[in-house]
Amino acid sequence: MKNSLGSSTKLILLHPYIQKQGSSNRFWALAFVSFLTLASLLTVIYTRESKITASVVSASTITSSSTPPLSKAVAMALVHYASNSNNTEHMSYTDMKYIADVLQKCSQPCNLLVFGLTHETRLWKALNHNGRTVFIDENRYYAAYIEEKYPEIEAYDVQYTTKLSEMKELIAGVKEQVRNECRPVQNLLFSECKLGLNDLPNQFYEVDWDVILVDGPRGYWPEAPGRMSAIFTASVLARSKKGGNPKTHIFVHDFNQQVDRITSDEFLCKENLVKSKDMLGHFVLERMDANSFQFCRNHNSTTANSSS
């Protein structure tokens, strides 16, 4: 019985046909398993790539489409908390709310330019969350500090060459050069007008600003730079727009200060004044023809009867 079993076993192990048949089966089994593995791998890769492509397309669609502005409730909550800060230099609730209301109505995406890094800097950035917000400040170290601490803030420093005590001479200089370097419609990047800011990045002058807030630089003593240059620059940027909304909202904070009011009357013009209350002046300027050489239609100079 053992011999018989042994013989059978011998036949099974050594018969060449049986060995060949076993090897063939293993080969095809291995091939089949490899095929399934490759098919599974390709399926996983295809599915992953499809998801990535879908995500990119979806993100592109979201980016290219207009998203709604910040809700009124959220905007007012931000204004409320900003106005109730312990900081004694913050803007009043009334002024902040007024500016916030205008930003809420700004066409998306809204381009907001702010002269001055202040207590409200992060508020303006948050309120204009779908648009571009740029800050200009005279203190290069503080601008660098803000950008480092808040990477989402886009800030540039600028060197003001003006003095508050020189207001009369500076305004007179603009009037003398109103057809040349100090035209109301021009690219300030190439201007030598004393009141024009021309040392900012090139791209700055290509933006069609929708809202401009002048809340800097400092201007409370004779040697301070004052806001004459900021107000003049804002007026030229508004009148020189190439596209977008032809109207630009310009806010001047500390409008109760004599120099700020006089400079605004000269370059933003009384006929463009929408509202003046407490410390805020609101002007709306329209794009002008390139051959315009007059800032105000009804111009009655106030500098002759004023003192610095």
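Residues numbered from 1 in each chain as written. Predicted model: local features only at pLDDT ≥ 70, side-chain atom pairs only at ≥ 80, totals over all residues. Heavy atoms only, no water.

Per an unreviewed UniProt entry, the protein goes by the name Protein irx15-like protein and belongs to Nicotiana attenuata. Taken from UniProt, the Subcellular location (unreviewed entry) comment for the protein reads in full: "Golgi apparatus membrane". (UniProt positions renumbered as here; feature names shortened; annotations may be inferred.)

Draft legend 1. View of the overall build of the protein. The helix and strand tally for the protein stands at nine helices and seven strands. Sorting the 308 residues of the protein into buried and exposed places 41% on the buried side. Within the protein, contacts between residues at least 6 apart in sequence are counted, and of these 68% link residues at least 24 apart. Roughly 17,800 Å² of accessible area belongs to the protein as shown, and the carbon and sulfur atoms make up 56% of that amount. (Helix = DSSP H or I, 4+ residues; strand = E, 2+ residues; numbered from the N terminus. Buried < 20%, exposed > 50% of the residue type's maximum accessible area, 1.4 Å probe, protein only. Contact = heavy atoms within 4.5 Å. Areas by Shrake-Rupley, 256 points an atom, 1.4 Å probe, with all protein chains shown as cover.)

Draft legend 2. Main features of the side chain of serine 83. Counting through the fold element by element, serine 83 comes out in helix 3 (residues 72–83). The residues touching serine 83, leaving out its near neighbours within four places in the chain, are His90, Tyr93 and Met96.

Draft legend 3. Broad picture of empty space enclosed by the protein. If you walk through the whole model with that rule in mind, you get two cavities of 30 Å³ or more. Volume-wise, the second largest cavity comes out at about 40 Å³. Every residue along the wall of the second largest cavity is listed here: Arg132, Val134, Glu154, Tyr156, Pro201, Gln203, Phe204 and Trp209. For the lining of the second largest cavity, the secondary-structure elements that each account for two or more residues are strand 2 (132–137) and strand 3 (154–157). Here the lining of the second largest cavity is built from residues that sort into five nonpolar, one polar and two charged. (1 Å grid on protein atoms, 1.4 Å probe; cavity = no way out; pocket = protein on both sides within 12 Å on 5 of 7 lines; lining within 4 Å. Points joined across faces, edges and corners; volume = space filled by probe spheres on them. Nonpolar A, V, L, I, M, F, W, Y, C, P; charged D, E, K, R; others polar.)

Draft legend 4. Seen up close, the nonpolar core. In this structure, Leu113, Phe115, Ile136, Phe232 and Phe295 are the most contacted members of the largest nonpolar core, which totals 45 residues. Of the residues forming this core, the biggest block, eight residues, is contributed by helix 8 (residues 228–239). Leu112, Val114, Ile153 and Ala155 belong to the second largest nonpolar core, which has 29 residues in total. (Core = buried A, V, L, I, M, F, W, Y, C linked by side-chain atoms within 4.5 Å.)

Draft legend 5. Local environment of the pattern of salt bridges. According to the stated counting rule, one finds 10 salt bridges in the structure shown. Arginine 132 is the partner of glutamate 154 in a salt bridge, and the nearest nitrogen-oxygen pair spans 2.6 Å. Taken together, the residues span a long stretch of sequence, with glutamate 154 in strand 3 and arginine 132 in strand 2 at a distance of 22 residues. Here glutamate 154 falls in the buried class, since its relative accessible area comes to 18%. On the accessibility criterion, arginine 132 (24% relative accessible area) is partly exposed. Residue arginine 227 pairs with aspartate 254 through a salt bridge whose shortest N-O separation is 3.1 Å. Note that arginine 227 is positioned in the loop between strand 4 (211–214) and helix 8 and aspartate 254 in the loop between strand 5 (247–253) and helix 9 (258–267), a separation of 27 residues in sequence. Assessed through its relative accessible area of 5%, arginine 227 is described here as buried. Overall, the relative accessible area of 6% leaves aspartate 254 in the buried class. Sharing partners across several salt bridges, the network here consists of Asp215, Arg227, Asp254 and Asp260. (Salt bridge = Lys/Arg side-chain N within 4 Å of Asp/Glu carboxyl O.)

Draft legend 6. Expanded view of the packing of aromatic side chains. Scanning the model with the defined rule gives eight aromatic pairs in all. We note arginine 140 situated over the ring of tyrosine 141; from NZ or CZ to the ring centre the distance is 5.9 Å. (Phe/Tyr/Trp six-rings, centres within 6.5 Å; stacked < 30°, edge-to-face > 60°. Lys NZ or Arg CZ within 6 Å of the ring centre and 35° of its normal.)

Draft legend 7. Seen up close, the environment of arginine 122. Turning to its location among the elements, arginine 122 is positioned in helix 5 (residues 121–127). Considered as a pair, arginine 122 and glutamate 152 are 30 residues apart in the sequence and their alpha carbons are 9.3 Å apart. Excluding residues within four positions of it along the chain, arginine 122 makes contact with Tyr150 and Glu152.

Draft legend 8. Geometry of the sheet that holds strand 7 (residues 280–286). On the basis of which strands lie adjacent, the open sheet formed by seven strands has the order 3-2-1-4-5-7-6 and mixed pairing. Edge strands, defined here as strands with exactly one partner in the open sheet, are strand 3 and strand 6 (273–277). Strand after strand, the sheet turns through a mean of 15 degrees between neighbouring axes, direction not considered. Pairing analysis gives seven bridges linking strand 5 to strand 7, with the strands arranged antiparallel. Note on strand 7: the bridge partner recorded for phenylalanine 251 is histidine 282. (Pairing = 2+ DSSP bridges. Axes fitted to C-alpha atoms, helices over the stretch in contact; angles between N-to-C directions.)

Draft legend 9. Summary view of helix 9. Of all 10 residues in helix 9, eight are buried, a share of seventy percent or more. The set of residues buried in helix 9 consists of Val259, Asp260, Ile262, Thr263, Ser264, Asp265, Glu266 and Phe267. Looking at the buried residues of helix 9, the elements they touch are helix 7 (167–176), helix 8, strand 5 and strand 7. Cysteine 269 sits one or two positions beyond helix 9 and adopts a positive phi of about 80 degrees.

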